[in-house]
Amino acid sequence: MAKEKTLDDLFLDTLKDIYYAEKKILKALPKMARAASSADLKAAFEKHKDETQGHVERLQQVFELLGKRAQGKTCPAIDGIIEEGEEIMEEFKGTPALDAGLISAAQAVEHYEITRYGTLKRWAEVLGMSDAAKLLEQTLGEESMTDEALTGLADASANEMAKAA
Ligand SMILES: [Fe+2]
């Protein structure tokens, strides 16, 4: 029989998954900022890039609390989401629909992160790791705020701009 695996194993695996994802996102955000046509959207991506650096650091703190080395584990989900974002950048470059597309791609990333951090925070609580739970909750809050800010930008102009012709 396979070695018994527990919530501790799930927690560590998922932590590695989001650590890999955050590092990928950190590389993708400057490209998205350069690609965006509106100044507001560029600024939103730049701001979230700085926050993402903080997310990576918080995850390193969680690894430290576990007494484990910070290590990523390839996450095909985030690779795919980012790849789709790159497709949008190429296929909608120079069109009025570009920003609406970039926002949709970024929101797919945020939602992936929100599901991961939501789960990790709860697992940390169940495992009695309240310091880790607090760190994860802080990041979860920033991902949710980013998601809302992106919805705001889509509603304020990007969607209408994409529609007009
Ligand atoms: Fe993040």
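Look a little higher up for the structure.
Keep in mind the model is a prediction, meaning the values are calculated, not measured.

On to the coordination of the iron ion, then. Protein-derived ligands of the iron ion are Glu-22 (OE), Glu-22 (OE), His-55 (ND1), Glu-113 (OE) and Glu-143 (OE), with the metal-ligand distances lying across 2.0 to 2.5 Å. Here the donor residues of the iron ion share one chain and are spaced in sequence as E-x32-H-x57-E-x29-E. A residue pair is termed long-range when its members are at least 10 positions apart, and Glu-22 in helix α1 (residues 7–35) and His-55 in helix α2 (residues 39–66) qualify at 33 residues. What makes Glu-22 buried here is its relative accessible area of 0%.

Next up on the list: the environment of Phe-45. Here Phe-45 lies in helix α2. Overall, the relative accessible area of 2% leaves Phe-45 in the buried class. In this structure the C-alpha to C-alpha distance between Phe-45 and Ala-132, which are 87 residues apart in sequence, comes to 26 Å. Residues contacting Phe-45, with those up to four places away along its chain left out, are Leu-29, Met-32, Ala-33, Ala-36, Leu-102, Ala-106 and Leu-150.

Next up on the list: the nonpolar core. Phe-11, Leu-41, Phe-45, Ile-78, Leu-102 and Leu-136 are the most contacted members of the largest nonpolar core, which totals 47 residues. Going through the elements one at a time, α1, α2, α3 (76–91), α4 (98–126) and α5 (130–163) are the ones with two or more residues in this core. Sequence-distant contacts of Leu-102, defined by excluding residues within four places in its chain, comprise Met-32, Ala-35, Ala-36, Leu-41, Phe-45, Ile-88 and Met-89.

Parameters at a glance
- Residues numbered from 1 in each chain as written.
- Predicted model: local features only at pLDDT ≥ 70, side-chain atom pairs only at ≥ 80, totals over all residues.
- Heavy atoms only, no water.
- Donors = N, O, S within 2.8 Å, 3.2 Å for Na, K, Ca; no water.
- Helix = DSSP H or I, 4+ residues; strand = E, 2+ residues; numbered from the N terminus.
- Buried < 20%, exposed > 50% of the residue type's maximum accessible area, 1.4 Å probe, protein only.
- Contact = heavy atoms within 4.5 Å.
- Core = buried A, V, L, I, M, F, W, Y, C linked by side-chain atoms within 4.5 Å.

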